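Now for the letters of each chain:
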Amino acid sequence: MPVAQPAHKRILLKLSGEALMGDDAFGINRGTIVRMVEEVAEVVNLGVQVAIVIGGGNIFRGVAGGSVGMDRATADYMGMLATVMNALALADAMNKQGLIPRVMSAIAIEQVVEPYVRPKALQYLEEGKVVIFAAGTGNPFFTTDTAAALRGAEIGAEVILKATKVDGVYSADPKKEPNARRYAKLSFDDAMAQNLGIMDATAFALCRDQKLPIKVFSILKHGALRRVVMGEDEGTLVYA
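Residues numbered from 1 in each chain as written. Predicted model: local features only at pLDDT ≥ 70, side-chain atom pairs only at ≥ 80, totals over all residues. Heavy atoms only, no water.

S.K.: Is there a simple way to think about the packing of helix 1 (residues 30–44) against helix 3 (residues 72–96) in this case?
M.R.: Axis angle and axis distance: for two packed helices, these are the angle between their axes and the distance between the axes, and together they describe the pair. Where helix 1 meets helix 3, the closest approach of the two axes is 9 Å, and the angle between their N-to-C directions is 60 degrees. Judged by the angle between their axes, helix 1 and helix 3 are oblique. When the axes of helix 1 and helix 3 are compared, the crossing they make is right-handed. Contacts between helix 1 and helix 3 involve Arg 30, Ile 33, Val 37 and Val 40 on the former and, on the latter, Ala 89, Leu 90, Asp 92, Ala 93, Met 94 and Lys 96. Counted by class, the contact of helix 1 with helix 3 contains seven nonpolar, no polar and three charged residues. (Axes fitted to C-alpha atoms, helices over the stretch in contact; angles between N-to-C directions. Helix = DSSP H or I, 4+ residues; strand = E, 2+ residues; numbered from the N terminus. Parallel < 35°, antiparallel > 145°, perpendicular 65-115°, else oblique. Left-handed = near helix turned anticlockwise from the far one by under 90°. Contact = heavy atoms within 4.5 Å. Nonpolar A, V, L, I, M, F, W, Y, C, P; charged D, E, K, R; others polar.)

See the structure below:
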């Protein structure tokens, strides 16, 4: 009996900073980050090339009160630096799991992490290393969703996997509407028409223009990442 092969060879995993908090109010929950890395390791061991874009909300939330009234660009740069901290924590956990991570930052902090250089990132992926893209796009006014869409297109990812706390895209809020149904598949046009808010408008438009599909799934479900990569019915696929 032939062994099932992964449905994707190269993926871009978008992790929110909030996903690293676990049940904590802010910061990084060690148990949560270890569990996530175990899920990533399972996929890497299948031979899938994995790149990750990480958010910074878990750290920025702790200083958000002090940013009220702050210049928007300054606050955005603070958020970018928070993603670098998360990327370092993620890389450390990956090292302990036996993976070989490489953190690449859109902002030059060469004493800490290497700068993002596309050919180098592609080389790392081909070598089986996990590439973690930090500092968003390196520009204020752009979210890490946009960074995920941009980096996904640049590295030729076959799909963007948007890890959330919900196991897909629903017709309504499943917490408020018990009859809300999960979409297995959804076109970009339908998602926009229904204003489902899967990603911010810039990121969503970039994915649609580049015909880069998005898979929305729950990072809280054990084994969900592997099931998505294997092409099983998990989460919601948004396609062109």
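Past the structure itself, the notes keep going.
S.K.: Help me understand the pairing of strand 6 (residues 159–164) in this model?
M.R.: Buried residues dominate strand 6, accounting for six of its six residues. Burial of the side chains of strand 6 extends over both faces: Val 159, Leu 161 and Ala 163 are buried on one face and Ile 160, Lys 162 and Thr 164 on the other. Sheet topology note: the strand 1 (residues 10–15)/strand 6 ladder contains five bridges and is parallel. Bridging from a neighbouring strand, Leu 15 pairs with Ala 163 of strand 6. (Buried < 20%, exposed > 50% of the residue type's maximum accessible area, 1.4 Å probe, protein only. Pairing = 2+ DSSP bridges.)

S.K.: How do you make sense of unusual backbone geometry when you look at a structure like this?
M.R.: The general pattern is negative phi for most residues beyond glycine and trans for most peptide bonds. Here Ala 135, not a glycine, exhibits a phi torsion of approximately 70 degrees, which is positive. Within the element layout of this structure, Ala 135 appears in the loop between strand 5 (130–134) and helix 5 (144–155). Ala 135 gets classed as buried once you look at its relative accessible area, which sits at 0%. In this model, Phe 141 sits at a positive phi of 75 degrees, which is unusual for a non-glycine residue. Its location among the elements puts Phe 141 in the loop between strand 5 and helix 5. Exposure remark for Phe 141: the relative accessible area of 53% places this residue in the exposed category.

S.K.: Can you walk me through the pattern of salt bridges in this structure?
M.R.: A side chain of one charge can pair with a side chain of the opposite charge if their charged atoms are brought near each other. Within the structure shown, the criterion is met by 13 salt bridges. A salt bridge links Glu 126 to Arg 10, with the shortest nitrogen-to-oxygen separation between them at 3.1 Å. Here Arg 10 lies in strand 1 and Glu 126 lies in helix 4 (residues 118–126), a separation of 116 residues in the sequence. In this structure, a network of salt bridges that share partners links the residues Lys 14, Asp 145 and Lys 162. (Salt bridge = Lys/Arg side-chain N within 4 Å of Asp/Glu carboxyl O.)

S.K.: Would you explain the side chain of Thr 32 in this entry?
M.R.: Mapped onto the fold, Thr 32 is located in helix 1. In this structure, Thr 32 is in contact with Ala 19, Leu 20 and Gly 22, ignoring residues within four places of it in sequence.

S.K.: What's the story with the sheet that holds strand 1 in this structure? I'm lost.
M.R.: Within a sheet, adjacent strands bond to each other through the backbone by hydrogen bonds, running parallel or antiparallel. Strands sit in the order 4-3-5-2-1-6-8-9-7 across an open sheet of nine strands; the sheet is mixed. Strands at the two margins of the open sheet, each flanked by one partner only, are strand 4 (114–115) and strand 7 (185–187). In this structure, strand 3 (residues 101–105) lies alongside strand 4, joined through two bridges in parallel fashion. When the bridges of strand 4 are listed, Ser 105 appears paired with Pro 115. Helix 1 contacts strand 1, strand 2 (49–54) and strand 5 of the sheet and is inclined by roughly 150 degrees relative to strand 2. Together, strand 1, strand 2, strand 3 and strand 5 form the strand contacts of helix 3, whose direction differs from that of strand 5 by roughly 165 degrees.

S.K.: Where do I start with helix 7 (residues 201–209) in this structure?
M.R.: Since the α-helix advances by 3.6 residues per turn, residues separated by three or four positions end up pointing in the same direction. What helix 7 keeps buried is the set Ala 203, Phe 204 and Cys 207. Looking straight down helix 7, one finds its buried side chains confined to an arc of 95 degrees; they lie on one side. Relative to its buried face, helix 7 has exposed residues pointing more than 90 degrees away, namely Ala 201 and Asp 209. The elements touched by buried residues of helix 7 are helix 5, strand 6, helix 6 (188–193), strand 8 (214–218) and strand 9 (236–239). (Arc of directions from axis to C-beta.)

S.K.: Honestly, the pairing of strand 1 in this entry has me stumped. Any pointers?
M.R.: On any regular strand, side chains alternate: one points to one face of the sheet, the next to the other face. Where burial is concerned, most of strand 1 is hidden: six out of the six residues are buried. Burial of the side chains of strand 1 extends over both faces: Arg 10, Leu 12 and Lys 14 are buried on one face and Ile 11, Leu 13 and Leu 15 on the other. Both strand 1 and strand 2 contribute to a ladder of six bridges, which runs parallel. By the bridge assignment for strand 2, Leu 13 is matched with Ile 52. You can see the chain leave strand 1, run along helix 1 and come back into strand 2, and the turn it takes is right-handed. (Right-handed = clockwise from strand over helix to strand, strands pointing away.)

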